[in-house]
Amino acid sequence: MSSQATDAARTANSNSPERYYTYGYLDEQTKRMIRRAILKAIAIPGYQVPFGSREMPVPYGWGTGGIQLTAAIIGPDDVFKCIDQGADDTTNAVSIRRFFAKVADVATTEDTAEATIIQSRHRIPEHPLKDGQIMVFQVPQPEPLRGLEPREMETRAMHAYEEYGLQYVSLYENVSAFGRIAATAGYPVMVDERYLMSPSPIPKFDNPKLHNSQALMLFGAGREKRIYAIPPHTTVRSLDFEDYPFETQKWEESCALCAADDSYLDEVVLDDQGQRMFVCSDSHYCSDRRAQGFRGPMAGHELVDIDKDADQ
Amino acid sequence: MTLTAQQETVDQADQPLLRVHSLSKHYGMITGCRDVSFEMRPGEVLGIVGESGSGKTTLLNCLSGRLTPSQGRVEFNASRHGLVDIYNLSEPDRRRMQREDWGFVHQNPRDGLRMRVSGGANVAESLMNLGRRHYGDMRQASLNWLNRVELDLSRIDDKPRTYSGGMQQRVQIARNLIHAPRLVFMDEPTGGLDVSVQARLLDLMRELVRDLGLAAILVTHDMAVARLMADRLMVMKSGSVVETGLTDQVLDDPQHPYTQLLVSSVLQI
Amino acid sequence: MQQSQHNRQIPAIRVTDLRKQFTLHNQGSIEIPVFQSLNLEVLPGECVVFVGDSGIGKSTLMRTIYGNYLASGGTVEVQHDGTFVDITKASPHLVAAVRRRSMGYVSQFLRVIPRISTLDLVIEPLLGNGVDPEEAKSRAISLLRSLRLPEALWSLPPATFSGGEQQRVNIARSFIREYPVLLLDEPTASLDATNRETVIELIKAALNKGAAMIGIFHDHDVRDAVATRHFDVSSFKIDMESAA
């Protein structure tokens, strides 16, 4: 197809004959089914709602749950942000962002504050979320107890009867093996003091952001066919022992680029001599701070923005 | 034991702990167990003996809330509800009662343990299921119990996969006693073990039952185990109880032809 | 245990019209009759000795009174907590209670349970009745001393002891607690003369305190030393020809 035609296709109205995809990729009945599952999930915070997960253009394990959630709720007035491990510019985040730009005719952004829908794998942005924003999480294994209890019937009964002693067994194992609760990601939480939930593999550093947030949090697992949600202003508590209370990660270093000392830092190996630096995982947060004039010790190393022109 | 505690036990001993009325379980035309009735008091050990196909395992499963009977009632004096028909409880209530008031020692430790979780965690899980949330206390309680069942404490953080059969069974026993249940069900608890291991385990179990004043229902096909452990016996054949009475009476003066056959069949060494 | 003169007239054991036979179902249901229409009363302070030929049923009668064998007919009443309990009809729970508190049984053989030490075996009847463990231990020690059981053996399980040593453990276990009723089946069978004397002393002391006893003694000396009267079991033998 010529580039002119491509542009035409991309900018055609939702229901005009030039459109090559159904709006949002999924058919209307599927979107309706997913929205109904979402409503149910919001009505029962933390409860895993089964849904008819569709075959998507990427295989299971690549974010099909998150993609289907976004596809069901996205509209032409939305502004879409997609991050993977906190960064907007990793391969998968770029792919998904482009996908929705094409099939939903939406504006996209890297700016957390501008976005109305933020799809994420493995992080919650540093910038506090606000009323009207929706986080969509990609979830590999929605069942927090699966590692210890392989039987589906048993875990369903445990959720139904609020029998969550088993989750503490996993924390116990941690403490006995490592002297502390060493789980760093996918740390189990109690939602609204009723349902035990896996917050998806976000670092425990992000767990406090789930609590009493102004935003709506949606979780989708495509392979396992489950959707769950945390409505705004919901109590979310990370599990712990009385004598081993929940603690988030702390770093001795600050961000090498923007000097932030309150964000989640990634460790980057610089050379074969073992030189390393710590950088904000949230790429936009970091660039935003640098734009405001904050500078860390390695600020001279400009990270090349590969994608800056591609999205235009 | 002080005199007052003992007096309490005596008074309590008049309250039935378990009352079973005409319990039957049928699988279509096949009878699992038929018309079983009996009572149990705190501190009593009841042995159910019979050969394969006698219905003893079916009976045990009906008694322990795992198999809904076709007819009859199982009434248990639960700590939370008092004397109650266990099949009238809602499923969450029954499951909670099983966790709080009962223990169940399986013949195969794989059925009664989590093999991928450490020995210590297996034992402490009973406490976590009751809502305990202090790691240090639970670990200490777990250690105390593993010590009591004579497990090498250096192995507490190893997985039961790495234990011998006798060790696995010890962990199962500890896991089922740490929460001070009122009633423990045991299904051939020493069935698959070497003779010397079995002897030591039975000894241990006998001591624990006596020290804790436990009530226990023990299913076995081994008359020697029954003689050692049980105060009373019920002999089962083809789904029915053919004889019941004090252990020494049933084994020394069996009345029913089948009991006489069983007793005379036991090999003497 | 003080007994008034009045109390000594109420029997501790009352056997009425007792009948016992064995039916061996797996040998063509043959019936082995033992005794019938047997009556017996034992008063507190009495030691009734069963006599009769070997195999006549002395041991069987004793076991039937204890509830170890089931009676084929009649009643066996034993004083327990101030009333009579019919052992032949009582619930197993009640019979167990009677055995725990009111009726003891000294058999020839010590049931040996592995790993339980002599001391623990001897104090068990006291612990089961709520006596302080330290107190129980000191009573056990003095009893074992009087029976001349070497101190080295006290902490060992009796499985490897000689017959005489096991028998002394058995005696200690049976006499450590004052049972109102005591059944003795050949309690001195494996003992030497000195220890037999000690046992006789123990029996006499218990009788003086008002215990009611039934005994089977092969040894005539012991029998003569403790017996209040004889009871001939053979006079109640079931006549094979005239048995209905």
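Above this text you will find the structure in question.
We now turn to the structure provided with this report. (Residues numbered from 1 in each chain as written. Chains lettered and ligands numbered in written order. Predicted model: local features only at pLDDT ≥ 70, side-chain atom pairs only at ≥ 80, totals over all residues. Heavy atoms only, no water.)

The interface of chain B with chain A comprises 23 residues on the first partner and 20 residues on the second. Between chain B and chain A, the buried area comes to about 1,900 Å², and carbon and sulfur atoms account for 56% of it. At the boundary of chain B and chain A, one finds five salt bridges. Counting across the interface, chain B meets chain A through 13 residue pairs in polar contact (both at pLDDT 80 or more). Put simply, the parts of the chain that give the side of chain B that touches chain A at least two residues each are helix H3 (91–101), helix H5 (119–128) and helix H6 (135–148) of chain B. A per-class count over the side of chain B that touches chain A returns seven nonpolar, six polar and 10 charged. (Contact = heavy atoms within 4.5 Å. Buried area = accessible area lost by both parts, 1.4 Å probe. Salt bridge = Lys/Arg side-chain N within 4 Å of Asp/Glu carboxyl O. Polar contact = N/O pair within 3.5 Å; in protein donor to acceptor, adjacent residues only side chain to side chain. Helix = DSSP H or I, 4+ residues; strand = E, 2+ residues; numbered from the N terminus. Nonpolar A, V, L, I, M, F, W, Y, C, P; charged D, E, K, R; others polar.)

Right, let's talk about the packing of aromatic side chains for a bit. Taken as a whole and assessed by the stated rule, the structure comprises 21 aromatic pairs over all chains. Plain terms: the ring middles of Phe104(B) and Phe185(B) are 6.1 Å apart, the flat faces sit at 25° to each other, and that makes the pair stacked. Here Phe104(B) is found in strand E6 (residues 102–105), whereas its partner Phe185(B) is found in strand E7 (residues 183–187), with 81 residues between them in sequence. Taken as a pair, Phe104(B) and Phe185(B) share a single burial class, namely buried. Through successive ring pairs, a cluster of aromatic residues spans Tyr168(A), Tyr172(A), Phe241(A), Tyr244(A) and Tyr135(B). When the ring centre of Phe294(A) is taken as reference, the NZ or CZ atom of Arg289(A) above it lies at 4.0 Å. One cation-aromatic arrangement involves Lys20(C) over Phe22(C); the distance from NZ or CZ to the ring centre is 4.6 Å. (Phe/Tyr/Trp six-rings, centres within 6.5 Å; stacked < 30°, edge-to-face > 60°. Buried < 20%, exposed > 50% of the residue type's maximum accessible area, 1.4 Å probe, protein only. Lys NZ or Arg CZ within 6 Å of the ring centre and 35° of its normal.)

All names here are of chain A. Pairing in this open sheet of seven strands is mixed, and the strands run E1-E9-E8-E5-E4-E2-E3 from one edge to the other. Edge strands, defined here as strands with exactly one partner in the open sheet, are strand E1 (49–50) and strand E3 (107–108). Of the pairings in the sheet, the one linking strand E4 (residues 117–121) to strand E5 (residues 134–138) comprises four bridges and is parallel in character. For Gln119, the partnering residue across the bridge sits in E5 and is Val136. (Pairing = 2+ DSSP bridges.)

A separate point is the sheet that holds strand E7 (residues 195–197) of chain A. All names here are of chain A. Taking strand neighbours across the sheet as the criterion, the three strands line up as E7-E6-E10 in an open arrangement whose pairing is antiparallel. Each of the sheet's edge strands pairs with one partner strand only, and the pair in question is E7 and strand E10 (236–238). Strand after strand, the sheet turns through a mean of 30° between neighbouring axes, direction not considered. Pairing geometry for strand E6 (residues 189–191) and E10, over three bridges, is antiparallel. (Axes fitted to C-alpha atoms, helices over the stretch in contact; angles between N-to-C directions.)

Every α-helical turn comprises 3.6 residues, leaving residues that sit three or four positions apart pointing alike. Residues and elements named next belong to chain C. Counted at 1.5 Å a residue, the expected span for helix H4 (residues 133–146) with its 14 residues is 20 Å, and the 20 Å between its end C-alpha atoms agrees. Among the residues making up H4, those that are buried are Ala136, Ala140, Leu143 and Leu144. Buried residues along H4 cover an arc of 95° about the axis, so they all sit on one side. Exposed residues pointing more than 90 degrees away from the buried face of H4 are listed as Glu134 and Arg145. Turning to H4, the residues buried within the fold contact helix H3 (118–127), helix H5 (163–175) and helix H6 (193–208). Just past H4, the residue Arg148 takes up positive phi, approximately 60°. (Expected span 1.5 Å × (residues − 1). Arc of directions from axis to C-beta.)

Bringing a nonpolar patch on the surface into the picture now. A cluster of nonpolar side chains, namely Tyr27(B), Met29(B) and Ile30(B), defines an oily patch on the protein surface of about 400 Å² accessible area. Along the polypeptide, Tyr27(B) turns up in strand E1 (residues 18–27). (Patch = residues over 30% accessible without salt bridge, like charges linked within 9 Å, V, L, I, M, F, W, Y side chains within 5 Å. Areas by Shrake-Rupley, 256 points an atom, 1.4 Å probe, with all protein chains shown as cover.)

For the rest of this paragraph, the subject is the pattern of salt bridges. Summed over the entire model, instances satisfying the criterion amount to 46 salt bridges over all chains. For Lys159(B), the salt bridge identified is with Glu173(A), shortest N-O distance 4.0 Å. Taken together, the positions of Lys159(B) in the loop between H6 and helix H7 (165–177) and Glu173(A) in helix H6 (residues 165–178) put the pair across two chains. Of the residues examined, Lys159(B) reaches a relative accessible area of 27% and is grouped as partly exposed. The exposure class assigned to Glu173(A) is buried, which follows from its relative accessible area of 15%. For Asp253(B), the salt bridge is made with Lys20(C), and the minimal N-O distance between the two is 2.7 Å. Taken as a pair, Asp253(B) in the loop between helix H10 (247–252) and helix H11 (257–265) and Lys20(C) in strand E1 (residues 13–24) lie in two separate chains rather than in one. Lys20(C) carries the same exposure label as Asp253(B), and that label is buried. Here the salt bridges do not stand alone but share partners, grouping Glu149(A), Arg151(A), Arg114(B), Glu125(B) and Arg175(B) into one network.

Next up on the list: a negative patch on the surface. Residues and elements named next belong to chain C. A cluster of acidic residues, Glu197, Glu201, Asp221 and Asp224, forms a negative patch on the protein surface. Broken down by secondary-structure element, the contributors of at least two residues to the negative patch are H6 and helix H7 (220–226). Of note, Glu201 is situated in helix H6. (Lys, Arg positive; Asp, Glu negative; His and termini not counted. Charge placed at Lys NZ, Arg CZ, Asp CG, Glu CD.)

A word on the interface of chain B and chain C. You'll often see interface size given as the accessible area lost when the parts meet. Between chain B and chain C, the residue contacts involve 28 residues of the former and 28 residues of the latter. Surface buried jointly by chain B and chain C totals about 2,300 Å² across both partners, of which 47% is contributed by carbon and sulfur atoms. The tally of links from chain B across to chain C stands at four salt bridges. One salt bridge in this structure joins Glu124(C) and Arg210(B), with 3.5 Å as the shortest N-O distance. Residue assignment for the side of chain B that touches chain C shows that the elements contributing at least two residues are helix H1 (3–12), helix H8 (195–212), helix H9 (223–229), strand E10 (240–246), H10 and H11 of chain B. At six residues, H8(B) tops the list of elements feeding residues into the side of chain B that touches chain C. Across the side of chain B that touches chain C, the residue classes tally to eight nonpolar, seven polar and 13 charged.

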